[in-house]
Amino acid sequence: SQQGEEDPQALSIQEGENATMNCSYKTSINNLQWYRQNSGRGLVHLILIRSNEREKHSGRLRVTLDTSKKSSSLLITASRAADTASYFCATVGGGTSYGKLTFGQGTILTVHP
Amino acid sequence: SAVISQKPSRDICQRGTSLTIQCQVDSQVTMMFWYRQQPGQSLTLIATANQGSEATYESGFVIDKFPISRPNLTFSTLTVSNMSPEDSSIYLCSVVGREGVNTEAFFGQGTRLTVV
């Protein structure tokens, strides 16, 4: 079953603007990850944030995690047309379920040149 | 990191037939995962494939419909059996880079299946 919701479902912005996507989940987690998918192909890992972390940066990406609200956000700064893709959050639950990802619904990002 | 080769990349199949999807990894891994992505939807885990044992299926997925083989530590197949148009989806295999909870996953490029 899907872990939770992502919003917005679709986001359209101009190049150079920032894009923010949100993700909510329902159960306790070990970590939350963000993935990118181009045109229905394979997924590419972007960033992983552990349950005891609140914020993480990687290049133009900034991820926050609020375990009390069971939510996360992904910020892409200074977006480029090449950032156009679908973005998914995914969680790894407790126990020995490593490798098993539960995905959110995804956000379709369109960056206009 | 891990490089995953998945075949075929796409196929159009007649209803009632079966398709076997292959997944080859460039390194030995303990577990391989198979996901389904229905049109316009997110990914759902079908099963976890361990070498030397039967695959573990998630709720809503059964072995008769999605038999999985895992003959060695670098290869797995997923068969979609007795297909119907509802099986039209992208099927993806995945591995984790290293054992442990806090590790990223790597995905094949997916198999886009259309059942007519």
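Note that the coordinates shown come from a computational prediction; the quantities given were computed from them, not determined experimentally.

Draft legend 1. Representation of the interface of chain A and chain B. Each side of the interface is counted separately: chain A has 24 residues, and chain B has 27 residues. For the pair chain A and chain B, the summed buried surface comes to about 2,200 Å²; carbon and sulfur atoms form 51% of the total. The interface formed by chain A and chain B includes one salt bridge. Two residues, glutamate 58 of chain B and lysine 100 of chain A, come together in a salt bridge whose shortest N-O distance is 3.1 Å. Scanning the region where chain A abuts chain B turns up seven residue pairs in polar contact (both at pLDDT 80 or more). Listing elements by their share of the side of chain A that touches chain B, those giving two or more residues are β4 (29-37), β5 (43-50) and β9 (85-93) of chain A. No other element matches the five residues that β4 of chain A contributes to the side of chain A that touches chain B. When its residues are assigned to classes, the side of chain A that touches chain B shows eight nonpolar, 13 polar and three charged.

Draft legend 2. Region of interest: the side chain of lysine 65 of chain B. Residues and elements named next belong to chain B. If you trace the backbone, lysine 65 turns up in the loop between β6 (56-57) and β7 (68-72). Only 3.1 Å separates the side chain of lysine 65 from the backbone oxygen of asparagine 82, close enough to count as a polar contact. A distance of 2.6 Å separates the side chain of lysine 65 from the side chain of aspartate 87, its partner in a polar contact. The contact partners of lysine 65, leaving out residues within four places of it in the chain, are Thr79, Val80, Ser81, Asn82, Met83, Ser84 and Asp87.

Draft legend 3. Inspection of the pairing of strand β9 (residues 89-96) of chain B at higher detail. Residue and element names in this part refer to chain B. Burial analysis of β9 places eight of its eight residues in the buried class, which makes it a mostly covered element. Of the two faces of β9, the one holding Ser89, Tyr91, Cys93 and Val95 and the one holding Ile90, Leu92, Ser94 and Val96 are both buried throughout. Across five bridges, the pairing between strand β4 (residues 31-37) and β9 is antiparallel. Note that in β9 the partner of tryptophan 34 across the bridge is cysteine 93. Pairing of β9 with strand β11 (residues 111-115) involves three bridges; the strand directions are antiparallel. Within the sheet, the bridge partner assigned to tyrosine 91 lies in β11 and is threonine 111. Examined bridge by bridge, β9 and strand β10 (residues 105-107) share three bridges and lie antiparallel to one another.

Thresholds, definitions, all that
- Residues numbered from 1 in each chain as written.
- Chains lettered and ligands numbered in written order.
- Predicted model: local features only at pLDDT ≥ 70, side-chain atom pairs only at ≥ 80, totals over all residues.
- Heavy atoms only, no water.
- Contact = heavy atoms within 4.5 Å.
- Buried area = accessible area lost by both parts, 1.4 Å probe.
- Salt bridge = Lys/Arg side-chain N within 4 Å of Asp/Glu carboxyl O.
- Polar contact = N/O pair within 3.5 Å; in protein donor to acceptor, adjacent residues only side chain to side chain.
- Helix = DSSP H or I, 4+ residues; strand = E, 2+ residues; numbered from the N terminus.
- Nonpolar A, V, L, I, M, F, W, Y, C, P; charged D, E, K, R; others polar.
- Buried < 20%, exposed > 50% of the residue type's maximum accessible area, 1.4 Å probe, protein only.
- Pairing = 2+ DSSP bridges.

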